[in-house]
2 protein chains.
Amino acid sequence: MKLAEIYMQFQADIEMIENELEENVQAEHDVLTDASIQLLKAGGKRIRPVFVLLAARFGSYDIESLKHIAAPLELIHMGSLVHDDVIDDADLRRGKKTIKSQWDNRVAMYTGDFIFGKALETSTYFDNPKIHQILSNAMMEMCLGEIEQIRDQYNLNQNFRVYLRRIKRKTALLIAVSCQLGAIAAKANTYIQNQLYQFGYYVGMSFQITDDILDFVGTEKQLGKPAGGDLLQGNVTLPALYAMHHHTDIRRKIDLFFQDIEENADQINDILAMIKNTDAISYSIKISDQYLQKAYETLETLPNQKEKRYLYEIASYIGKRKF
Amino acid sequence: MKLAEIYMQFQADIEMIENELEENVQAEHDVLTDASIQLLKAGGKRIRPVFVLLAARFGSYDIESLKHIAAPLELIHMGSLVHDDVIDDADLRRGKKTIKSQWDNRVAMYTGDFIFGKALETSTYFDNPKIHQILSNAMMEMCLGEIEQIRDQYNLNQNFRVYLRRIKRKTALLIAVSCQLGAIAAKANTYIQNQLYQFGYYVGMSFQITDDILDFVGTEKQLGKPAGGDLLQGNVTLPALYAMHHHTDIRRKIDLFFQDIEENADQINDILAMIKNTDAISYSIKISDQYLQKAYETLETLPNQKEKRYLYEIASYIGKRKF
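The structure reproduced in this document is the subject of the present report. The written sequence of each chain sets the order in which its residues are numbered from 1. Think of it this way: whatever chain is written first is A, whatever ligand is written first is 1, and the rest follow in order. Local features in this predicted model are restricted to residues whose pLDDT is 70 or higher, and side-chain atom pairs enter the listing and the counts only when it is 80 or higher, whereas totals over whole chains, interfaces and linings include all residues. As a convention, hydrogens and water are excluded, and side-chain values are obtained from all of the structure's heavy atoms.

Focus on the overall build of chain A
So, point 1. Helices and strands together make up the secondary structure of chain A, namely 18 helices and two strands.
So, point 2. In this description the radius of gyration comes from C-alpha coordinates, and the expected globular size is given by 2.2 Å times residues to the power 0.38. Expected size for 323 residues packed as a compact globule is a radius of gyration near 20 Å; at 20 Å, chain A falls within 12% of this value.
So, point 3. Taking the principal axes of its C-alpha atoms as reference, chain A extends roughly 55 × 50 × 30 Å.
So, point 4. Counting every position in chain A, which comprises 323 residues, the buried fraction comes to 62%.
So, point 5. A sequence separation of at least 24 residues applies to 74% of the contacts in chain A between residues at least 6 apart.
So, point 6. To measure how exposed things are, a 1.4 Å probe is used in the Shrake-Rupley method; for residues, cover is taken only from the protein chains shown. Accessible area for chain A stands at about 13,100 Å²; split by element, carbon and sulfur atoms hold 46% of it. Elements are defined by DSSP. Helices are runs of H or I of four residues or more, strands are runs of E of two residues or more, and each kind is numbered from the N terminus. For each residue, the accessible area found with a 1.4 Å probe, counting protein chains only, is set against the maximum for its type, and the residue is called buried under 20%, exposed over 50%, and partly exposed in between. Contacts are residue-level and defined by heavy atoms, with any inter-residue pair within 4.5 Å sufficient.

Details of helix α18 (residues 306-320) of chain B
Residues and elements named next belong to chain B.
So, point 1. Helix span, expected: 1.5 Å multiplied by one less than the number of residues in the helix. Look at α18: 21 Å from first C-alpha to last across 15 residues, which is about the 21 Å you get at 1.5 Å a residue.
So, point 2. Among the residues of α18, Glu307, Lys308, Tyr310, Leu311, Glu313, Ile314, Ala315, Ser316, Ile318 and Gly319 are the ones counted as buried.
So, point 3. Each element contacted by the buried residues of α18 is listed here: α1 (3-9), α4 (47-56), α10 (190-217) and α17 (280-300).

Looking at the packing of helix α8 (residues 129-152) of chain B against helix α9 (residues 160-185) of chain B
Residue and element names in this part refer to chain B.
So, point 1. Direction vectors running N to C along α8 and α9 enclose 165°, while the axes themselves pass 8 Å from each other. On the basis of the axis angle, α8 is roughly antiparallel to α9. Pair α8 / α9 crosses with left-handed handedness.
So, point 2. The nonpolar class holds Ala, Val, Leu, Ile, Met, Phe, Trp, Tyr, Cys and Pro. Asp, Glu, Lys and Arg form the charged class, and all remaining residues, Gly among them, are polar. Of the residues that constitute the contact of α8 with α9, the class distribution is 12 nonpolar, three polar and 10 charged. Only the stretch in contact is used when fitting a helix axis, every axis being a line fitted to C-alpha atoms; angles between N-to-C directions are given from 0 to 180 degrees. The labels follow the angle: roughly parallel below 35 degrees, roughly antiparallel above 145, roughly perpendicular from 65 to 115, and oblique for the rest. Crossing handedness is read from the near helix: turned anticlockwise from the far helix by less than a right angle, it gives a left-handed crossing, and turned clockwise, a right-handed one.

Some points on the relation of the copies chain B and chain A
So, point 1. Fitting of the copies onto one another was done by least squares over C-alpha atoms, counting residues only where both copies have pLDDT of at least 70. When chain B is fitted to chain A, the best match, at an RMSD of 0.0 Å, comes from turning it 180° and sliding it 0.0 Å along the axis. With respect to symmetry, the two chain copies, as superposed, fit the operation of a two-fold axis.
So, point 2. A symmetric contact is evident, with 100% of the interface residues of chain B recurring at the interface of chain A.

Overview of the side chain of Arg48(B)
All names here are of chain B.
So, point 1. Counting through the fold element by element, arginine 48 comes out in helix α4.
So, point 2. Despite its burial, arginine 48 pairs with no opposite charge, the nearest such side chain being glutamate 74 at 4.3 Å.
So, point 3. Among the polar contacts listed, one links the side chain of arginine 48 to the side chain of histidine 77, at a separation of 3.4 Å. None of His or the chain ends enter the tally, which takes Lys and Arg as positive and Asp and Glu as negative. Salt bridges, as used here, are contacts in which a Lys or Arg side-chain nitrogen is within 4 Å of a carboxyl oxygen on Asp or Glu. For the purposes of these results, a polar contact is taken to be a pair of N or O atoms within 3.5 Å, where, inside protein, one atom must be able to donate a hydrogen and its partner to accept one; residues adjacent in sequence count only when each atom of the pair is a side-chain atom.

Remarks on the packing of aromatic side chains
So, point 1. Two aromatic rings from Phe, Tyr or Trp, using only the six-membered ring of Trp, form a pair when their centres are within 6.5 Å; if the ring planes differ by under 30 degrees the pair is stacked, by over 60 it is edge-to-face, and anything between is tilted. Here the structure, examined in full by the defined rule, presents 22 aromatic pairs over all chains.
So, point 2. For the ring pair Tyr125(A) and Phe126(A), a centre distance of 5.2 Å and an interplane angle of 85° mean the geometry is edge-to-face.
So, point 3. In this structure Tyr125(A) comes out as partly exposed when scored by relative accessible area, which is 43%.
So, point 4. For the ring pair Phe51(B) and Phe199(B), a centre distance of 6.1 Å and an interplane angle of 75° mean the geometry is edge-to-face. Of the two residues, Phe51(B) is situated in helix α4 and Phe199(B) in helix α10; the sequence distance between them amounts to 148 residues. You'll find Phe51(B) and Phe199(B) in the same group, each marked buried.
So, point 5. By the ring-pair criterion, three or more aromatic residues cluster together here, those being Tyr154(A), Phe257(A) and Phe258(A).

What to know about the interface of chain B and chain A
So, point 1. In this complex, chain B contributes 40 residues to the contact, which on the side of chain A involves 40 residues.
So, point 2. For the pair chain B and chain A, the interface holds zero salt bridges.
So, point 3. Where chain B packs against chain A, one counts 11 residue pairs in polar contact (both at pLDDT 80 or more).
So, point 4. Mapped by element, the contributors of at least two residues to the side of chain B that touches chain A are α5 (63-88), α7 (105-122), α8 and α9 of chain B.
So, point 5. Examining the composition of the side of chain B that touches chain A, we find that 14 residues originate from one element, α8(B), more than from any other.

Focus on the nonpolar core
So, point 1. Core analysis: the biggest nonpolar cluster contains 222 residues, and Phe51(A), Ile275(A), Phe51(B) and Ile275(B) have the highest contact counts within it.
So, point 2. Leave out the neighbours within four places in its chain, and Phe51(A) touches Ile175(A), Ser178(A), Cys179(A), Phe199(A), Val203(A), Leu311(A), Ile314(A) and Ile318(A). Definition used in this section: a nonpolar core is a set of buried Ala, Val, Leu, Ile, Met, Phe, Trp, Tyr and Cys residues joined via side-chain atoms within 4.5 Å.

Details of helix α16 (residues 268-276) of chain B
Residues and elements named next belong to chain B.
So, point 1. Within α16, burial applies to Ile268, Ile271, Leu272 and Ile275. For α16, the buried positions fall inside an angular range of 100° around the axis, keeping them on one side.
So, point 2. Elements in contact with the buried residues of α16: α10, α12 (229-232), α13 (238-246), α14 (248-259), α15 (261-264) and α17. This arc corresponds to the set of directions leading from the helix axis out to the C-beta atoms.

A look at the environment of Ala227(B)
Residue and element names in this part refer to chain B.
So, point 1. One can find alanine 227 in the loop between α11 (220-223) and α12.
So, point 2. Looking at alanine 227, the relative accessible area reads 18%, which means it is buried.
So, point 3. Separated by 12 residues in the primary sequence, alanine 227 and aspartate 215 place their C-alpha atoms 5.1 Å from one another.
So, point 4. When neighbours within four sequence positions are excluded, alanine 227 is seen to be in contact with Asp215, Phe216, Gly218 and Leu272.

Focus on the pattern of salt bridges
Residue and element names in this part refer to chain A.
So, point 1. Within this structure, the stated rule accounts for 26 salt bridges over all chains.
So, point 2. For glutamate 20, the salt bridge goes to lysine 67, with nearest N and O atoms at 3.9 Å. Within this pair, whereas glutamate 20 is found in helix α2 (residues 11-24), its partner lysine 67 is found in helix α5 (residues 63-88), the two being separated by 47 residues in sequence. Across the pair, lysine 67 and glutamate 20 agree in class, each one buried.
So, point 3. Taken together, the shared-partner salt bridges in this structure form one network comprising Glu141, Glu148, Arg165 and Arg169.

Have a look at this one:
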């Protein structure tokens, strides 16, 4: 079963969610709409909505209801991308110009705020306050993850635990919560809700670690931006952490590099090569695979139905993708 | 009845809300907590929580329940202050150093996001999805108001309607919603909910217009910052709008001033004097008073109980305050 086939089976429902997303950012304000629609069009895999739909198949599936949780989850992801751009000073994301580079940081900040607000408002379709609580909590945790990332920038002494907690907050929780909320919205039983949350968490960890690996080994064409972006922004991820831990020369090199990144920017390819020359990449892949394995094991506890197979396929794709 | 006496009557309950606020920003993250607590300590009149409490007296008042809506409303206000600082490049707010000046814009942005998320999470105490909807909607409208303010900066051709809509979104709605949600949380009847919303809206309009007037006529000591801040940031408020509309020399002066504000900053006192020399201030006071009058009239439709008198007193204070 290929990934495209899974998407195909949900095509009509994914389109409904796309429409819901587009309606959600159709505010009366021109600037806001332009900015938001542009972000919407930049697209992405809509992985969070797809997890909602698949998880909901373990309960009573109703797309009219589900779109009110699938869209908010994607909106929260979009809002975080907008705010990321304010922060990262990124000129390119998925190869398109960011909102920031065309308008300015201030509008981008309030656009992100608006999108967050819209996400939470859309989910009030559901009477169940647990849904709003999980959603607003996920948003808060994401912010804490972002703040931790700022705090940990340029810090060579952070340990693996700090890294793992940060990516849990930044990435894994929103995927976990997508699976969980799909199940809750479809009124699946609590056991299934919890297992799907766990599954999403493991997949999300694998997803982010893979992302962090790709920033070292991907090509500019694959990534839509040059490799080494994380280190150039002072972000220390698993491959660099591992390499520094085992090779004092790499640690020294990165330490000097961080003294003045702008001045030293041309050293980035040397540093990437040094790290790729160690077993840092294979170690990171191993850790990502361990999370993926746990995701598979969690899936085994779910009822046997075809969506289990779909979740397996998507998890594999996410954990093993090459770009 | 003095304002202080009204606050005194609610002292225990306001303290409970203060505690709720403090607990709400006690995240595990040190940086975030420091930043948030600092903002909390900077204080303010807690006018939104007080409106919640007074409105709730028209239904069944229960502070244990009410604090879960009073705190979120103040948190949304606080979140907007944090994001305002990112934008305004303000060095002083209420005479204290802002979060921005001590940490940086990026942490401030995510701290604001966190506070918004926390606000919405706290309100999930209530089962009623209408409460979450009104709250998230108020947050969105506030963002639109902020974006409108950015869009309208340096624009001499905006009309009064544009100004009024902007301050409605930026300020009046959150006060309207504070009154409304107090009534909803206390299960007052729908008529009372709506009248309290209207009352809050009129008070909020009067409040913001007064604020905008004070930026022209207040002293640095009263304002905690130099007068003329709005024009120095390119924000065109009611007094300037009126003065430009009736005096082409003032319009020309401001037009030139806006060409290069940094270069022309020393002209601000001249411009303030020119505007104060017209009837722009007395006109603006008249408009503020008209809103205040409508607020009083709305109050008349409410049941006769002492909180009606309190609301009247607070409205008068807010609409007529001198700093």
